[in-house]
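In case you want the letters, here they are:
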Amino acid sequence: MGAGKSAIGKRLAARLGLPFVDADDEIERAAGCTIAEFFERFGEQEFRAGERRVISRLLEESPRVLSTGGGAYMDPETRSLMKARALTVWLRAELDVLFDRVKKRTHRPLLRQGDPKETLARLMQQRYPIYAEADIVVDSTAQPAERTTEQVLDAIRAHLQAQTAGQTS
């Protein structure tokens with residue numbers, strides 16, 4: 001939440017000549033309601049099951065830049081699908097950066113419960129060790145999104161070169 005998945009994802013897709021897809025938008029389209037409404041009606045467990053189905057479908061389609069919600073990668077089945085079918089990138093951010101980006105937004109279901117900064121800190125503690133399993137990690141700081149996009153592109157190139165070198169040796 002607030003790491004820049006959509007902002008960086010859109011720029012990355014444009015630079016790579018690929019479509020950009022936000023999994024949350026696709027989930028809302030499939031559910032016929034907002035994510036916040038889905039959470040209220042059915043709870044997080046049911047949301048994660050639907051999220052997994054949508055992401056699985058999206059990963060079977062042609063190449064694209066796919067932005068997923070912050071909790072998607074926490075689900076072991078969804079994470080396994082993503083690791084098998086995609087190159088995963090974690091935009092790692094510090095608490096103050098995340099909080100500054102999300103503090104005025106009211107559509108985040110997980111931030112509606114209690115102190116939003118405490119909630120973010122707790123989520124970071126739970127999620128960051130799992131997020132670290134991503135193929136690529138790039139720090140998302142207060143710098144311009146275009147600079148972070150460049151860093152992601154550089155990291156992708158380095159990752160692909162390392163893979164290619166490993167296959168030829």
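Refer to the structure printed above.
From a predicted model like this one, the values you see are computed outputs, not experimental measurements.

Conventions adopted
Residues numbered from 1 in each chain as written. Predicted model: local features only at pLDDT ≥ 70, side-chain atom pairs only at ≥ 80, totals over all residues. Heavy atoms only, no water. Helix = DSSP H or I, 4+ residues; strand = E, 2+ residues; numbered from the N terminus. Expected span 1.5 Å × (residues − 1). Bend = angle between axes of the 7 residues up to and from the residue. Axes fitted to C-alpha atoms, helices over the stretch in contact; angles between N-to-C directions. Parallel < 35°, antiparallel > 145°, perpendicular 65-115°, else oblique. Contact = heavy atoms within 4.5 Å. Nonpolar A, V, L, I, M, F, W, Y, C, P; charged D, E, K, R; others polar. Salt bridge = Lys/Arg side-chain N within 4 Å of Asp/Glu carboxyl O. Buried < 20%, exposed > 50% of the residue type's maximum accessible area, 1.4 Å probe, protein only.

Peer 1: Describe helix α3 (residues 35-60), and please don't skip the residues or the numbers.
Peer 2: The terminal C-alpha atoms of α3, which comprises 26 residues, lie only 23 Å apart, well short of the 38 Å expected from a rise of 1.5 Å per residue. Of all the bends found along α3, the most pronounced is centred on G43 and spans about 115 degrees.

Peer 1: Tell me what's going on with the packing of α3 against helix α4 (residues 76-85), and back it up with residues and numbers.
Peer 2: Each pair of packed helices can be summarised by the angle the axes make with each other and by the distance between the axes. Direction vectors running N to C along α3 and α4 enclose 5 degrees, while the axes themselves pass 10 Å from each other. When the axis of α3 is compared with that of α4, the two are roughly parallel. Facing R52, I55, S56, L59 and E60 of α3, the residues of α4 in contact are E77, T78, L81, M82 and R85. Its residues placed into classes, the contact of α3 with α4 shows four nonpolar, two polar and four charged.

Peer 1: So what's going on with the pattern of salt bridges? Which residues, and what values?
Peer 2: This structure, assessed with the given rule, holds 16 salt bridges. Linking E26 and R29 is a salt bridge whose minimum nitrogen-to-oxygen distance equals 2.8 Å. Here R29 and E26 lie together in helix α2 (residues 23-31), a separation of three residues that amounts to about one turn. E26 sits in the buried class, given a relative accessible area of 17%. Assessed through its relative accessible area of 58%, R29 is described here as exposed. Sharing partners across several salt bridges, the network here consists of E26, R29, R57, E61 and R64.

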